[in-house]
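Below are the chains, spelled out letter by letter.
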Amino acid sequence: MNPEQDLSGITQDGMSVHPDWNHIETLTIQPGSDTLILVPCHALLKSETNVKSPEFDPMLNKSWSLNEFQDQDEVRLMIEHIRVGVLSCARIQNSILVFSGGCTRVEGEGWTEGASYYAVADFYDWWMAETKLPLHEIKARAFVDVFAFDSMDNLWMSIRLFQIAHPRKEVPKKVIVINYTFKKKMYELHAKILGIPEFEFIGLEDPAN
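What you are looking at is a predicted structure, and each value in this text was computed from that prediction instead of being measured. Chains are numbered independently. Their residues run from 1 in the order of the written sequence. At least 70 in pLDDT is required for a residue's local features to be given in this predicted model, at least 80 for side-chain atom pairs to be given and counted, and no such filter applies to totals for whole chains, interfaces and linings, which use all residues. Side-chain calculation: all heavy atoms of the structure are included, whereas hydrogens and water are not.

A.B. asks: Sorry if this is basic, but what is going on with helix α6 (residues 151-165) here?
C.D. replies: Side chains of residues three or four places apart in an α-helix project in the same direction, reflecting 3.6 residues per turn. Only DSSP runs of H or I covering at least 4 residues are called helices, and only runs of E covering at least 2 are called strands; the numbering of each starts at the N terminus. Each helix should span, by expectation, one fewer than its residue count multiplied by 1.5 Å. Taking 1.5 Å as the rise per residue, α6 with 15 residues should run 21 Å; its terminal C-alpha atoms sit 21 Å apart, in good agreement. Counting buried residues in α6 gives 13 out of 15 residues, a clear majority hidden from the surface. The residue sitting at the N-terminus of α6 and contributing the capping side-chain oxygen is Asp150; that oxygen lies 3.3 Å from the backbone nitrogen of Met152. The cut-offs for exposure are 20% and 50% of the maximum accessible area for each residue type, with area from a 1.4 Å probe on protein chains only; residues under the lower value are buried, those over the upper are exposed, and the others partly exposed. Here a polar contact means two N or O atoms within 3.5 Å. Within protein one must be a hydrogen donor candidate and the other an acceptor candidate, and residues neighboring in sequence count only if both atoms are side-chain atoms.

A.B. asks: Looking at this model, I keep getting lost on the pattern of salt bridges. Mind explaining?
C.D. replies: Between side chains of opposite charge, a pair can form when the charged atoms approach closely. Criterion for a salt bridge: a side-chain nitrogen of Lys or Arg within 4 Å of a carboxyl oxygen of Asp or Glu. Under the defined criterion, the tally for this structure stands at 9 salt bridges. Through salt bridges with shared partners, a single network forms among Asp73, Arg76 and Glu205.

A.B. asks: I would appreciate a short explanation of the sheet that holds strand β7 (residues 198-204) in the present structure.
C.D. replies: Whether parallel or antiparallel, the strands of a sheet pair through hydrogen bonds between backbone atoms. Any two strands between which DSSP finds at least two bridges are classified as paired. The 5 strands are arranged β5-β4-β1-β6-β7 in an open sheet whose pairing can be described as parallel. The two strands at the open ends of the sheet, each matched to only one other strand, are β5 (142-145) and β7. Across the sheet, the mean angle separating the axes of adjacent strands is 25 degrees when strand polarity is ignored. Across 7 bridges, the pairing between strand β6 (residues 174-180) and β7 is parallel. Counterpart to Val177 in the pairing with β7 is Phe201. The contact rule is simple, with two residues in contact once any of their heavy atoms fall within 4.5 Å. Between N-to-C directions, angles cover 0 to 180 degrees, with each direction set by a line fitted to C-alpha atoms, over the stretch in contact for helices. Where helix α2 (residues 72-91) meets the sheet, its contacts fall on β1 (35-40), β4 (95-100), β6 and β7, and the angle it forms with β6 comes to roughly 160 degrees.

A.B. asks: Please explain the pairing of β1 as it appears in this structure.
C.D. replies: It is a general feature of regular strands that their side chains alternate between the two faces of the sheet. In terms of burial, β1 is a largely internal element, 6 of the 6 residues being buried. Residues Thr35, Ile37 and Val39 point to one face of β1 and Leu36, Leu38 and Pro40 to the other, with burial holding for every one of them. The pairing of β1 with β4 spans 6 bridges and is classified as parallel. In the sheet register, Leu38 faces β4, and the bridge partner there is Val98. The pairing of β1 with β6 spans 4 bridges and is classified as parallel. Bridge pairing links Leu38 to Val177 in β6.

A.B. asks: Sorry if this is basic, but what is going on with the environment of Thr35 here?
C.D. replies: Mapped onto the fold, Thr35 is located in strand β1. Thr35 sits in the buried class, given a relative accessible area of 6%. The spatial distance from the C-alpha of Thr35 to the C-alpha of Glu198 is 9.4 Å, given a sequence separation of 163 residues. In contact with Thr35, not counting residues within four places along its chain, are Ile92, Asn94, Ser95, Ile96, Phe162, Pro172, Lys174 and Ile176.

A.B. asks: Help me understand the packing of α2 against helix α3 (residues 113-123), please; the structure alone is not making it clear to me.
C.D. replies: Packing of α2 against α3 leaves a shortest axis separation of 10 Å and a crossing angle of 75 degrees. Taken together, the axes of α2 and α3 lie roughly perpendicular to each other. In this structure, α2 uses Met78, Ile79, Ile82 and Val86 to contact α3, whose residues at the interface are Tyr117, Val120 and Ala121. In what follows, roughly perpendicular refers to angles from 65 to 115 degrees, roughly parallel to angles under 35, roughly antiparallel to angles over 145, and oblique to any angle outside these ranges.

Written out as structure tokens, the structure reads:
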């Protein structure tokens, strides 16, 4: 698999959105990692949203910068995407998890979609009661892509992030995408174009709108 796109423009500052990343050169995953679990993001938190406030609740629309067609039900569905991504990563020991999405709306300036999803996972303590794993074990395998602006971006930029972090600079042998069911054919086409050896799509409930 050789994505044709060039990510040589990635900068240290760009990657520093992840709370554990100080420099891009320090990104690392275990040598045995061979599976990428990708959760493409669909919204970002509002610029004024303070996730450390006791009043913060990711289930509330007011926390998010949403498009006109997005409603309370879609907020619920997005959080389910995050949960399923975390549980999948916990189940597949040789995997890493990427929340992928850039800053797509002015009202969310200061946040990216990927960082917003990561913050929500933090809010729910990475569903430790369900994963049965210590918090640090999941967080060590969770990453944020802050550059993607569409579905193809989500896929190939996350693959590139995997490659940057891999000690042997390998790309994933398998990619699993968690998203709305109606996006399945689109991602299957992207995967074919990129030549992904093994691709799986986990389709979840579509939004009513």
